[in-house]
Amino acid sequence: MDWAGTAIDYGCFAPLNVFLRVFEEKGVHITYLQAREPMGLPKMDHIKAILNMPEVKLKFQMVHGRDWDSNDLSVMYQSFEKYLFSSLRDFTDPIPGVPETMEILRKRGIKIGSTTGYTQKMMDVVRPEAMAKGYVTDNLVTPDGLPAGRPAPYMIYRNMIELAIPSVDQVVKVGDTIADIKEGVNAKAHTVGVIIGSNEMGLTESDFNLLSSDRKKSLMEEVRNRMLRAGAHGVIDTISELPDYIDQLSDGKSTGNYLLLTPGPLSTARTVREAMLQDWCTWDKDYNEEIVTPIRQKLLELARVDAREYTTILLQGSGTYCVEASIGSTVKPSDKLLIVSNGAYGQRIGTIASYYRLNYEMISISETEPVTGEIVREALEAHKDVTHVAMVHCETTTGILNRLEEVGEVVKEYPVTFIVDAMSSFGGIPIDMKACGIDVLVSSANKCIQGVPGFGFILVSKDKLPACKGNARSLSLDVYDQWETMEKGNGKWRFTSPTHVVRAFHQALVDLEREGGVEARYKRYRENNAVLYEGMKTLGFTPLLPRETQSPIITSFLYPSANFDFQGFYDSLKQKGFVIYPGKISDADTFRIGNIGDVNPDDMGRLLYAIHETPY
Ligand SMILES: *Cc1c(COP(=O)(O)O)cnc(C)c1O
């Protein structure tokens with residue numbers, strides 16, 4: 001917790017008149033707005049920041065015939081201290097709701113640390129006064145003795161030491177100034193701005209209450225945006241919202257609606273959704289070089305391949321757009337495409353091939369049998385003119401996991417290009433692209449990487465890329481052209497890129513790393529799936545597939561009886577906070593439950609309980 005403007009001194013007025021007075025003494029008039037802007041910094045830095053404002057600097061020169069120097073600064077600071085001390089006591093009233101909120105948090109086992117722009121000597125006046133009025137913290141750190149005050153993170157870290165907090169992931173920083181927000185961001189703590197009573201609002205309680213509700217709303221919106229632009233992860237209207245806010249953070253789930261147990265879009269983490277609260281410029285290097293380029297590199301890393309041999313293309317649209325772009329850009333009319341399919345997504349590759357009037361062979365096997373090396377070898381032997389092989393890794397239709405490594409071994413023996421739709425598995429099941437002999441791998445933002453929908457990506461071996469040049473029969477789905485623009489433009493997209501979605505995806509990759517990478521995610525998904533698979537059996541449901549071919553992504557269950565009312569079952573679960581998925585398979589009545597996304601075995605357990613409570 002910050003002090004003035006956040007916990008006490010509504011509107012952060014204590015230092016304000018003092019700054020004006022100190023500058024007045026130097027013959028330099030400053031405005032409230034100028035005095036407020038650096039609020040939150042240590043007071044010496046604050047005076048310096050005002051002195052360095054171009055208009056103030058100029059006024060000082062005009063009055064004194066020279067620039068301000070360190071002597072001026074120290075004289076000004078001395079009078080600042082003197083005046084502040086004489087009035088400080090009068091600005092220690094808690095902001096409404098603060099003492100009660102601290103009590104609620106404390107009851108939940110949350111410790112209240114605090115940081116400030118005041119010195120220890122100032123706080124020796126403020127703290128006991130505030131305490132007497134009901135505002136009590138568990139710890140106080142001032143900038144004294146630290147390498148720097150705000151926006152440096154040291155005060156937060158010292159609080160962590162003194163309160164024995166083992167990880168910054170367990171810290172929420174709350175403040176009312178831009179310097180506060182930056183302090184939290186620099187500490188890598190989850191940072192929350194509070195609007196009402198803040199320095200950023202800069203009004204007394206009575207002035208604020210006198211405003212019309214429209215004016216209130218628009219002012220609050222301005223403050224909210226300023227805080228978000230400074231990097232705040234969240235902004236709340238009043239401190240009383242903090243306990244609920246923290247609650248939602250700790251379970252990290254979508255709030256207000258339901259958990260999506262579907263194979264994309266899926267339940268995303270709050271961090272990912274919050275990453276979308278800022279706007280980005282598509283052609284600025286902030287975006288291209290710091291968001292798009294790292295994404296392209298990271299995806300290669302996830303596929304365990306080297307940037308010298310493979311490259312990434314990001315493309316607008318859903319996953320199917322990328323599958324179509326890959327087929328349309330790699331397969332020439334003179335080529336022959338072999339598709340080995342055991343579900344709707346394999347069939348869709350065939351539909352794409354027909355649209356493009358490609359020469360292709362569709363080998364359709366049973367939806368409950370996996371695609372194996374042997375099946376593909378047989379097909380390649382029967383069709384010697386095949387130049388491209390396409391398959392789906394995890395067939396989301398049923399949830400069956402096809403034998404990618406095995407097929408890869410076979411395909412490597414033939415002079416063919418291997419295209420894999422790894423849409424619903426990439427990022428959630430380890431894939432070594434090179435070891436599997438994959439030339440083109442397709443996936444999208446809203447599957448196992450746990451981003452939101454809006455674009456997909458194609459990983460391509462650089463050997464195969466030149467052959468794509470001039471091959472596409474669709475401008476917007478031209479993989480080579482998109483690659484060339486991204487490569488030459490350091491991450492630039494052709495046409496408008498889905499900036500917010502891309503920023504969220506960047507966050508999702510950071511979160512994936514934090515979870516422990518693809519291996520850790522794979523482990524979580526397998527645990528989720530085991531709880532679901534075995535638990536549903538216990539409840540009397542029959543999974544469509546045996547455990548051996550079942551993927552850890554999504555599971556199909558047979559209808560429990562001939563007169564099973566899926567819609568009723570679905571609606572009832574939705575009301576309990578879970579959205580499941582209808583079946584897609586042709587020759588049996590099934591429904592599906594996904595277990596990818598920001599969900600864990602406990603969520604699966606809660607789902608099982610909800611199903612147990614639902615008539616079926
Ligand atoms: C989700 C998915 C796709 C792409 O579907 P879109 O709706 O276009 O995003 C393709 N293949 C598989 C295996 C999938 O799971």
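Residues numbered from 1 in each chain as written. Predicted model: local features only at pLDDT ≥ 70, side-chain atom pairs only at ≥ 80, totals over all residues. Heavy atoms only, no water.

S.K.: Got a sec to walk through the overall build of the protein chain? Specific residues and values, please.
M.R.: Check the secondary structure of the protein chain and you find 23 helices and 17 strands. Structurally, the protein chain occupies a C-alpha span of about 95 × 60 × 45 Å along its principal axes. Per-residue burial over the protein chain gives 56% buried out of 616 residues. The long-range share in the protein chain, meaning contacts at least 24 apart out of those at least 6 apart in sequence, stands at 70%. Of the roughly 25,800 Å² of accessible surface on the protein chain, 51% is carried by carbon and sulfur atoms. Each charge sign in the protein chain was given a centre, from 66 positive and 81 negative side chains, and these centres are 2 Å apart. (Helix = DSSP H or I, 4+ residues; strand = E, 2+ residues; numbered from the N terminus. Buried < 20%, exposed > 50% of the residue type's maximum accessible area, 1.4 Å probe, protein only. Contact = heavy atoms within 4.5 Å. Areas by Shrake-Rupley, 256 points an atom, 1.4 Å probe, with all protein chains shown as cover. Lys, Arg positive; Asp, Glu negative; His and termini not counted. Charge placed at Lys NZ, Arg CZ, Asp CG, Glu CD.)

S.K.: With reference to specific residues and values, describe the nonpolar core.
M.R.: Of all hydrophobic cores here, the largest spans 67 residues; its most connected members are Phe23, Ile30, Ile47, Phe80, Tyr118 and Tyr135. At seven residues, the largest contribution of residues to this core is made by helix 1 (residues 14-25). Both domains that meet at this core, namely domain 1 (16-91) and domain 2 (98-258), each give it at least three residues. When sequence neighbours within four positions are dropped, the list of residues in contact with Phe23 reads Val28, Ile30, Ile47, Ile50, Leu51, Val56 and Met76. Ranked by size, the runner-up nonpolar core spans 53 residues in total, among them Val305, Val420, Phe426 and Phe505. (Core = buried A, V, L, I, M, F, W, Y, C linked by side-chain atoms within 4.5 Å. Domains from an automatic or database assignment.)

S.K.: Can you explain helix 14 (residues 285-302)? Please cite residues and give values.
M.R.: Between its terminal C-alpha atoms helix 14 stretches 24 Å, which fits the 26 Å expected from 18 residues at 1.5 Å a residue. When helix 14 is considered as a whole, its buried residues turn out to be Tyr287, Asn288, Ile291, Val292, Ile295, Arg296, Lys298, Leu299, Leu300 and Leu302. Buried residues in helix 14 make contact with strand 5 (310-316), strand 13 (455-461), helix 19 (479-488), helix 20 (499-515) and helix 21 (517-538). Measuring from the side-chain oxygen of the N-cap residue of helix 14 to the backbone nitrogen of Asp286 gives 2.8 Å; that N-cap residue is Asp284. Arg304, located one to two residues past helix 14, shows a positive phi value of around 60°. (Expected span 1.5 Å × (residues − 1). Polar contact = N/O pair within 3.5 Å; in protein donor to acceptor, adjacent residues only side chain to side chain.)

S.K.: Before we move on, could you go through the site of the ligand and cite the residues and values that matter?
M.R.: Neighbouring the ligand are Ser318, Gly319, Thr320, Tyr345, Arg348, Val392, Cys394, Thr396, Asp421, Met423, Ser424 and Lys447. The separation between an oxygen atom of the ligand and a polar side-chain atom of Ser318 is 2.5 Å. Between the ligand and Lys447 there is a distance of 2.8 Å, counted from an oxygen atom to a side-chain nitrogen or oxygen. For the ligand, whose unbound accessible area comes to 380 Å², protein coverage reaches 85%. Class assignment of the residues belonging to the shell around the ligand gives a composition of four nonpolar, five polar and three charged. (Near = heavy atom within 4 Å. Nonpolar A, V, L, I, M, F, W, Y, C, P; charged D, E, K, R; others polar.)

S.K.: How would you summarise the packing of aromatic side chains if you had to cite specific residues and measurements?
M.R.: One pass over the structure, following the stated rule, counts 20 aromatic pairs. Ring centres of Tyr559 and Phe566 lie 6.4 Å apart, and the angle between their planes is 5°; on these two criteria the pair is classed as stacked. For Tyr559, a relative accessible area of 25% translates into the label partly exposed. Assessed through its relative accessible area of 11%, Phe566 is described here as buried. Joined through ring pairs, the aromatic side chains of Phe541, Phe557, Tyr559, Phe564, Phe566, Phe569, Tyr570, Phe591 and Tyr616 make up one cluster. (Phe/Tyr/Trp six-rings, centres within 6.5 Å; stacked < 30°, edge-to-face > 60°.)

S.K.: Summarise the pairing of strand 8 (residues 388-392); cite the residues concerned and give the values.
M.R.: Of all five residues making up strand 8, five are buried, and the element is well covered by its neighbours. Judged by which residues are buried, strand 8 turns out to be covered on both faces: His388, Ala390 and Val392 on one side and Val389 and Met391 on the other are all buried. Looking at chain direction, strand 6 (residues 337-341) and strand 8 are connected through four bridges and run parallel. Bridging across to strand 8, Leu338 finds its partner in Val389. Note: strand 8 against strand 11 (residues 417-421), five bridges, orientation parallel. Bridged to Val389 within strand 11 is Phe418. (Pairing = 2+ DSSP bridges.)

S.K.: I'd like to hear about the pattern of salt bridges, residue by residue, with values.
M.R.: One pass over the structure, following the stated rule, counts 40 salt bridges. For the salt bridge of Asp169 with Arg514, the shortest nitrogen-to-oxygen distance reads 3.9 Å. Pair noted here: Asp169 is in the loop between helix 8 (154-162) and strand 1 (172-175) and Arg514 is in helix 20, with a separation of 345 residues, a long-range link. Each of Asp2, Arg150, Lys173, Asp180 and Glu183 takes part in a single network of salt bridges with overlapping partners. (Salt bridge = Lys/Arg side-chain N within 4 Å of Asp/Glu carboxyl O.)

S.K.: Lay out the packing of helix 20 against helix 21 in plain terms, naming residues and giving numbers.
M.R.: If you want to describe how two helices pack, look at the angle between their axes and the distance between the axes. As a packed pair, helix 20 and helix 21 sit with axes 7 Å apart at the nearest point and diverge in direction by 80°. It follows from the interaxial angle that helix 20 and helix 21 lie roughly perpendicular. Residues Asp511, Leu512, Glu513 and Glu515 of helix 20 form the contact with helix 21, whose own contacting residues are Gly517, Val518, Ala520, Arg521 and Arg524. Its residues assigned to classes, the contact of helix 20 with helix 21 comprises three nonpolar, one polar and five charged. (Axes fitted to C-alpha atoms, helices over the stretch in contact; angles between N-to-C directions. Parallel < 35°, antiparallel > 145°, perpendicular 65-115°, else oblique.)

S.K.: So what's going on with helix 3 (residues 43-51)? Residues and values would help.
M.R.: Looking at helix 3, one finds that the buried residues are Lys43, His46, Ile47, Ile50 and Leu51. Along helix 3, the residues classed as buried sweep out an arc of 140° about the axis, all on the same side. Elements that come into contact with the buried residues of helix 3 comprise helix 1, helix 2 (32-36), helix 4 (54-64), helix 5 (70-87) and helix 7 (120-132). (Arc of directions from axis to C-beta.)

S.K.: Mind laying out unusual backbone geometry, listing which residues take part and the relevant values?
M.R.: Omega for the bond connecting Arg150 with Pro151 falls within 30 degrees of zero, at 5°, which places this linkage in the cis form. By the element assignment, Pro151 lies in the loop between helix 7 and helix 8. The step from Gly264 to Pro265 runs through a cis peptide bond, and the omega angle for that step is -5°. By the element assignment, Pro265 lies in the loop between strand 4 (259-260) and helix 13 (270-274). Phi at Ala164 is positive, roughly 55°, even though this residue is not glycine. Along the polypeptide, Ala164 turns up in the loop between helix 8 and strand 1. The exposure class of Ala164 is exposed, given its relative accessible area of 59%.

S.K.: Let's hear about the sheet that holds strand 8: which residues, and what values?
M.R.: Read across the sheet, seven strands follow the order 5-13-12-11-8-6-7 without closing on themselves; strand pairing throughout is mixed. The open sheet has two edge strands with one neighbour each: strand 5 and strand 7 (360-364). Neighbour-to-neighbour, the strand axes of the sheet open up by a mean angle of 15°, direction not taken into account. Relative to the sheet, helix 17 (residues 373-382) contacts strand 6, strand 7 and strand 8, its axis offset from that of strand 6 by approximately 150°.

S.K.: Go over the side chain of Ser326, please, and point to the residues and values.
M.R.: Position of Ser326 among the secondary structure elements: in helix 15 (residues 319-330). Setting aside its immediate chain neighbours within four residues, Ser326 contacts Val440, Val442, Ile458 and Val479.

S.K.: Any chance you could break down the sheet that holds strand 3 (residues 234-236) for me, citing the residues and the numbers?
M.R.: Strand order across the open sheet formed by three strands is 1-2-3, with parallel pairing between neighbours. Both edges of this open sheet fall to strand 1 and strand 3, since each of them pairs with a single strand only. Taking the axes of each pair of neighbouring strands and ignoring which way they run, one obtains an average angle of 25° across the sheet. Direction of pairing for strand 2 (residues 190-194) relative to strand 3: parallel, over a ladder of three bridges. Note on strand 3: the bridge partner recorded for Gly193 is Val235. Its contacts with the sheet place helix 9 (residues 178-187) against strand 1 and strand 2, and it is angled at close to 170° to strand 2.

As far as function goes, none of this settles anything; it's purely spatial.
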